[in-house]
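# Examining the three-dimensional arrangement
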Amino acid sequence: MQTLPTALRYFHEVATTGSISEAAETQHVSPSAISRQISQLERQIGSPVFRRHARGMELTDAGVLLLTHTRRVQAEGEQLLQDLGQISSGISRSIKVVSSEGLAASVTPRAIAAFCKLHPQVSVHLTVLPSADAARQIVEGTADIATVFTLGLQRDVQVEYSRPAPAYAVLATGHPLAGKSQISLEELCRYPLSMTAKGITQRELFDIAMSMAGLTPNIALTTDHINPAMEFARSGAGVTLLSQFARDSALSEGLEFIRIDHPAFAERTAQILTMPRRRQPALVTALIQHITDVMKSN
C-alpha cells in the first residue's frame, strides 16, 4: 500500500537520490515517466522543485518545503500501516529512539525502562549515534524520538524539551584537583586529558575555550565512547570531560564531577527531538514525557 501519490513518490525518490535515472531504477519505471510526473507536479504547484544541472537534481526552496511535507506524510503513513498491521496480528508496536552516547549511558535507558514497565506490550529500539546523525534521522522520519546534545538552534525538528548540559571535568577522587568547587582551564592543561574526537559538541566547546584562552592542552587519549574516557579518569591517568548526566551512570563510581570555570562550557543543551507537525501516537508522547522527567531530575 503506497501512502504517497505517484508524483510525490517519484519526487521524493529523486530528492533522495539526486538523480532521475537512479530514482527510475528504484521505482522500476522509465526515466521519462519520472520526468513527466515531476513536470506535472511543478505545473500544479506553479513553481519548479528542482534545479537541473550536470551534477544531478538540486532542490529549489519550493522543493525543500515539499520534501519536508513528503517525509512527514510518508512517516505518518508508515506508522498508520504499522498500527493497522499490529491490530490485525496482535503484535506489539515498536518505537525507535536514537540517542547520543552521553545520554544513552544513563538518561535515555532509564526513561525507557520506566516506560516499558508501564507498557509491556511496546518494544523500544535504541540506537546510539552522534548527535548530528540522530537529529538527521528525525528530519528524515526514520526515528520517532532523538535525545541529543546541541549547540544553538536546531532546524527542521520539533524540540520537545531542552535543558542546559554543561561539560564537567571528571577525575578520580584521589586526583590532585579532587575536592575543588571549580577548575580553571590552566589547571586542566597541567594534566593529561581524554577527549572526544572533533565534531562532537563537547569537543567543539573545549576547542573554542582553549582557543579563546590561548592554551595548548595535553590530549593523551581521544575516544568517542564514555567507558574508556571514564576508565582513563578513574585510573588517575588524567581528566576527561562529560555532562552531568554521566554522574548517574554505574561507571561514575570513584569519580568526581567538577565545574569548569569558562563560559563556553555552559553553551551546550540536551534536547528531545521529534519530527515537526507529525501526528505522534499516544505511546510516543508517553515515552517523551518519561525522558523529560529523567532529564529534569538530573
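Structure: above.
Reference entry: report on the structure contained in this document. Please read these numbers as outputs of a predicted model, since none were measured by experiment.

Counting its secondary structure elements, the chain contains 11 helices and 13 strands. Overall size of the chain, expressed as C-alpha extent along the three principal axes, is 70 × 50 × 25 Å. Split into buried and exposed, the 298 residues of the chain put 47% on the buried side. Sequence separation of 24 or more characterises 74% of the internal contacts of the chain that already satisfy a separation of 6 or more.

When helix α2 (residues 20-27) is considered as a whole, its buried residues turn out to be Ile20, Ala23, Ala24 and Gln27. Across the axial projection of α2, the buried residues extend over an arc of 100 degrees, all falling on one side. Those residues of α2 that are buried lie in contact with α1 (6-17), α3 (31-45) and β2 (56-59). Where α2 terminates, the next one or two residues include His28, which has phi positive at roughly 60 degrees.

Of the volumes computed, that of the largest pocket is approximately 620 Å³. Residue lining of the largest pocket: 34 residues in total, with Ser100, Pro130, Ser131, Ile200 and Thr201 positioned closest to the centre. Where the lining of the largest pocket is concerned, the elements lending two or more residues are α5 (101-104), α7 (131-140), β5 (145-151), β9 (193-195), α9 (201-213), α10 (226-234) and β11 (239-243). Sort the elements by how many residues they give to the lining of the largest pocket and α7 lands first, with 5 residues.

The next point concerns the packing of aromatic side chains. Counted according to the given criterion, the structure contains 2 aromatic pairs. Both rings, one in Phe11 and one in Phe50, keep their centres 5.4 Å apart while their planes meet at 45 degrees; by these two values the pair is tilted. You can see Phe11 sitting in helix α1 and its partner Phe50 sitting in strand β1 (residues 50-53), a full 39 residues away along the chain. Per residue, the accessibility class of Phe11 equals that of Phe50, and both read buried. Geometrically, the ring pair formed by Phe149 and Phe245 is tilted, given 6.3 Å between the ring centres and 35 degrees between the ring planes. Here Phe245 lies in the loop between β11 and β12 (255-260) and Phe149 lies in strand β5, a separation of 96 residues in the sequence. The buried category is assigned to Phe149, whose relative accessible area is 7%. Take Phe245: its relative accessible area is 0%, and that puts it in the buried class. One residue, Arg247, lies across the ring of Tyr168, its end atom 5.2 Å from the ring centre.

Once that is clear, we can look at the nonpolar core. Counting residues in hydrophobic clusters, the biggest one holds 22 residues, and the most contacted among them are Ile95, Ile145, Leu287 and Met295. Listed by contribution, the elements that provide at least two residues to this core are β3 (94-99), α6 (107-118), β5, β13 (268-274) and α11 (282-297). A total of 7 residues in this core trace back to one element, the largest contributor, which is α11. If we ignore the near neighbours within four places in the chain, the residues touching Ile95 are Phe115, Val122, Ser123, Val124, His125, Asp144, Ile145, Leu283, Val284 and Leu287. One finds Leu171, Leu177, Leu188 and Leu193 within the second-largest nonpolar core, a separate group that totals 20 residues.

At their nearest, the axes of α1 and α2 sit 8 Å apart, and the two run at 125 degrees to each other. Here α1 is positioned oblique relative to α2, judged by the angle of their axes. Judged by the twist between their axes, the crossing of α1 over α2 is right-handed. Listed contacts from α2 to Arg9, Tyr10, Glu13, Val14 and Thr17 of α1 are Ile20, Glu22, Ala23, Thr26 and Gln27.

So, on to the environment of Ile138. With respect to the element layout, Ile138 can be found in helix α7. In this structure, the C-alpha to C-alpha distance between Ile138 and Ile45, residues 93 residues apart in sequence, is 26 Å. Every residue in contact with Ile138, bar those within four places of it in the chain, is listed here: Ala143, Asp144, Ile145, Ala146, Val157, Leu273, Thr274 and Met275.

Here we take up the environment of Ser235. Among the secondary structure elements, Ser235 is positioned in the loop between α10 and β11. With relative accessibility at 54%, the residue Ser235 sits in the exposed group. Residues Ser235 and Leu171, 64 residues apart in the sequence, show an inter-C-alpha distance of 8.8 Å. For Ser235, the side chain forms a polar contact with the main-chain oxygen of Phe232, separated by 2.7 Å. Polar contacts involving the side chain of Ser235 include one to the main-chain amide nitrogen of Ala237, which spans 3.2 Å.

Conventions used here
Residues numbered from 1 in each chain as written. Predicted model: local features only at pLDDT ≥ 70, side-chain atom pairs only at ≥ 80, totals over all residues. Heavy atoms only, no water. Helix = DSSP H or I, 4+ residues; strand = E, 2+ residues; numbered from the N terminus. Buried < 20%, exposed > 50% of the residue type's maximum accessible area, 1.4 Å probe, protein only. Contact = heavy atoms within 4.5 Å. Arc of directions from axis to C-beta. 1 Å grid on protein atoms, 1.4 Å probe; cavity = no way out; pocket = protein on both sides within 12 Å on 5 of 7 lines; lining within 4 Å. Points joined across faces, edges and corners; volume = space filled by probe spheres on them. Phe/Tyr/Trp six-rings, centres within 6.5 Å; stacked < 30°, edge-to-face > 60°. Lys NZ or Arg CZ within 6 Å of the ring centre and 35° of its normal. Core = buried A, V, L, I, M, F, W, Y, C linked by side-chain atoms within 4.5 Å. Axes fitted to C-alpha atoms, helices over the stretch in contact; angles between N-to-C directions. Parallel < 35°, antiparallel > 145°, perpendicular 65-115°, else oblique. Left-handed = near helix turned anticlockwise from the far one by under 90°. Polar contact = N/O pair within 3.5 Å; in protein donor to acceptor, adjacent residues only side chain to side chain.

These results come straight from atomic positions and should not be treated as a statement about function.
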